Number of protein chains: 2
Amino acid sequence: MTDAKWLNDEQLVVWTRFVAVLQLFPAALDAQLERDAQLTHFEYFTLAMLSEAPQRTMRMTALAGFTTASLARLSRVVSNLEKRGYAKRQPCPEDRRATNVTLTQDGWQKVVATAPGHVDLVRSIVIDTLTAEELTQLSTISAKLLSKLDPQARMVATARSQTPPPV
Amino acid sequence: MTDAKWLNDEQLVVWTRFVAVLQLFPAALDAQLERDAQLTHFEYFTLAMLSEAPQRTMRMTALAGFTTASLARLSRVVSNLEKRGYAKRQPCPEDRRATNVTLTQDGWQKVVATAPGHVDLVRSIVIDTLTAEELTQLSTISAKLLSKLDPQARMVATARSQTPPPV
DNA sequence: CTCGAAAAGTTGTAGCTACAACTAAATCAC
DNA sequence: GTGATTTAGTTGTAGCTACAACTTTTCGAG
């Protein structure tokens, strides 16, 4: 690895702060969504990704990529969403190993109903707090971190399309 | 809340990327520490904070502040660390509601042994990946986010002192 | 003083996640 | 073609965390 053993004071401050962000941010997202929509952030994000896919349908593996999750984790979460009527699984005709997940009408409406409040939170914490310049910086920095965290970039560039509900 | 309903494309990219970081970073930290030292990142961070406290001792509530955790969570983790001989609890004489946690000799050695490998990871993902300028930016941005995530700033500025093992 | 509220911790319970083991289908090599 | 490997997905199990309920002690008001 690298040579220097410890972090200097400045580096330590950055790191410590960032660790706090890593700790608090997911909790804040979960708290808002759980309170307002009885969804974890991961569940919401999964529904949101599905809502933007063509036909609102995606293969499990693709969805796992978009949500940066393991197939195991996604499988459990989709089962749960299915139980609640927000998603539906169907065997994929082209590849009989694969499974297609589709957002149901209820799932779509859930996303539509939930998105505004969630976007408000994201705006209030990130978008409206940082300057345009800082937002750009965060974008660049995140991309660099991701290149180390996920070298093969399984987490695709998030193909955009369609109309509303985004993240 | 704010008025605009959706995020524009740029904002969406930033947010999506950042969500991926939020997802992958903790997993990477846990994976390295679990593999090399049979510790979660939260456990390691707890030990590291203790290692820098005067007397290597802190009240539960203070430690909860430094680790940005709830008392409930910390209590369980400290119990576990105690079972493994890395920490020790003692009733606080000044306030009989309170509990002091102390890093044991074993705990200290665990931190000393674990820190280098962990610092390597942190360097390789963050410190060495970003330019000095970007590090400063990340620091500023993190501070701004924290001001929203934790307005009362329970998470103190991480009083520094003593010698090695830092984070 | 003394009573009600706040602070410091702990713990039961339910839900989520990681890891590993496992099935089934598609591919690749020869 | 046929067996070995890889890909897609599911599920058992153990461990971690959040939330809420509950003690015990301290503090503040009157």
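Here the structure is a predicted model, which is why all the values come from computation and not from measurement.

Rules behind the numbers
- Counting restarts for each chain, with residues numbered from 1 along the sequence as it is written.
- Lettering for chains starts from A, numbering for ligands starts from 1, and both go in the order in which the items are written.
- Residue-level local features of this predicted model are given only where pLDDT is at least 70; pairs of side-chain atoms are given and counted only at 80 or more, and the full residue set underlies all totals for whole chains, interfaces and linings.
- The basis for every side-chain value is the complete set of non-hydrogen atoms in the structure, without hydrogens or water.
- Salt bridge, as used here, is a side-chain nitrogen of Lys or Arg placed within 4 Å of a carboxyl oxygen of Asp or Glu.
- Only protein chains enter the accessibility calculation, which uses a 1.4 Å probe. A residue is then buried if its area is under 20% of the maximum for its type, exposed if over 50%, and partly exposed in between.
- In this text, helices come from DSSP runs of H or I with a minimum length of four residues, and strands from runs of E with a minimum of two, each type numbered from the N-terminal end.
- Here a residue counts as near a molecule or strand whenever at least one of its heavy atoms sits within 4 Å of it.
- Pairing of N or O atoms within 3.5 Å defines a polar contact, subject to two protein rules: one partner must be a possible hydrogen donor and the other a possible acceptor, and residues neighboring in sequence count only if both atoms are side-chain atoms.
- Only Asp, Glu, Lys and Arg are considered charged, only Ala, Val, Leu, Ile, Met, Phe, Trp, Tyr, Cys and Pro nonpolar, and every remaining residue, Gly among them, polar.
- To estimate the expected span of a helix, count its residues, drop one, and scale the result by 1.5 Å.
- The convention used is that axes are lines fitted to C-alpha atoms, helices contributing only their stretch in contact, and that angles between N-to-C directions extend from 0 to 180 degrees.
- With respect to orientation, any angle under 35 degrees is reported as roughly parallel, any angle over 145 as roughly antiparallel, any angle of 65 to 115 as roughly perpendicular, and every other angle as oblique.
- In this analysis, two residues are considered to be in contact whenever any of their non-hydrogen atoms come within 4.5 Å of each other.
- Centre distance within 6.5 Å is the pairing criterion for rings of Phe, Tyr and Trp, where only the six-membered ring of Trp is used; planes under 30 degrees apart are then read as stacked, over 60 as edge-to-face, and the remainder as tilted.
- Least squares is used to superpose the copies, and the fit set is the C-alpha atoms of residues whose pLDDT is at least 70 in both copies.

*Asks:* Please set out the pattern of salt bridges residue by residue, giving values where relevant.
*Replies:* One pass over the structure, following the stated rule, counts eleven salt bridges over all chains. Of the charged contacts, one joins D95 of chain A and R97 of chain A as a salt bridge, the two residues approaching to 2.9 Å between their closest N and O atoms. Residue classification places R97 of chain A among the exposed positions, given a relative accessible area of 75%. Residues R89 of chain B and E82 of chain B are paired through a salt bridge, measuring 3.1 Å at the closest nitrogen-oxygen approach.

*Asks:* An account of the environment of F45 of chain B is requested, with residue identities and associated values reported.
*Replies:* Residues and elements named next belong to chain B. Tracing the sequence through the fold places F45 in helix α2 (residues 41-52). Given a relative accessible area of 3%, F45 falls into the buried group. Counting along the chain gives 22 residues from F45 to T67, while the straight-line C-alpha distance between them is 7.0 Å.

*Asks:* Residues and numbers for the protein's contact with DNA strand D, please.
*Replies:* The immediate surroundings of DNA strand D are formed by 18 residues, with T61, R76, R89 and T99 of chain A together with R73 of chain B found nearest. Of everything in DNA strand D that lies within 4 Å of the protein, sugar and phosphate atoms constitute 66%. In the environment of DNA strand D, a base oxygen lies 3.0 Å from a nitrogen or oxygen atom belonging to the side chain of R97 of chain A. The separation between a sugar or linking oxygen of DNA strand D and a polar side-chain atom of R97 of chain B is 3.5 Å.

*Asks:* Mind laying out the protein's contact with DNA strand C, listing which residues take part and the relevant values?
*Replies:* For DNA strand C, the set of nearby residues contains 19 residues, the closest of which are R73 of chain A together with T61, R76, R89 and T99 of chain B. The protein-proximal atoms of DNA strand C, defined as those within 4 Å of the protein, are 65% sugar or phosphate. Between DNA strand C and R89 of chain B there is a distance of 2.9 Å, counted from a phosphate oxygen to a side-chain nitrogen or oxygen. Measuring from a phosphate oxygen of DNA strand C, one finds a backbone N or O atom of T99 of chain B at 2.6 Å. For the surface near DNA strand C, the secondary structure elements donating two or more residues are α4 (71-83) of chain A together with α3 (60-67) and α4 (71-83) of chain B. Among the elements that take part in the surface near DNA strand C, α4 of chain A stands out by supplying five residues, more than any other. Taken together, the residues that form the surface near DNA strand C break down as six nonpolar, four polar and nine charged.

*Asks:* Summarise helix α1 (residues 9-37) of chain B; cite the residues concerned and give the values.
*Replies:* With 29 residues, α1 of chain B ought to run about 42 Å at 1.5 Å a step, and its terminal C-alpha atoms sit 42 Å apart, in line with that. Where α1 of chain B ends, the next residue or the one after it, Q38 of chain B, has phi of about 50 degrees, a positive value.

*Asks:* So what's going on with the packing of α1 of chain B against α2 of chain B? Residues and values would help.
*Replies:* Residues and elements named next belong to chain B. Direction vectors running N to C along α1 and α2 enclose 75 degrees, while the axes themselves pass 8 Å from each other. Here α1 is positioned roughly perpendicular relative to α2, judged by the angle of their axes. Packed against α1, whose contacting residues are L29, D30 and L33, the element α2 presents H41, F42 and Y44 at the interface. For the contact of α1 with α2, the residue count by class is four nonpolar, one polar and one charged.

*Asks:* Describe in detail the packing of aromatic side chains, supporting the description with residues and values.
*Replies:* Going through the model one piece at a time under the given rule, you end up with six aromatic pairs over all chains. With a centroid separation of 5.6 Å and an interplanar angle of 45 degrees, the aromatic rings of W15 of chain A and F25 of chain B are classed as tilted. Of this pair, W15 of chain A sits in helix α1 (residues 9-37) while F25 of chain B is found in helix α1, placing the two residues in two different chains. F25 of chain B carries the same exposure label as W15 of chain A, and that label is buried.

*Asks:* Got a sec to walk through the relation of the copies chain A and chain B? Specific residues and values, please.
*Replies:* What relates the two chain copies is a rotation about an axis together with a slide along it. The operation relating chain A to chain B is a screw motion whose rotation component is 180 degrees, with 0.0 Å of axial translation and a residual RMSD of 0.0 Å. Taken together, the rotation angle and the small translation identify this as a two-fold axis. In terms of proximity to the rotation axis, the leading residue of chain A is L22 of chain A, whose C-alpha is 3.0 Å off the axis.

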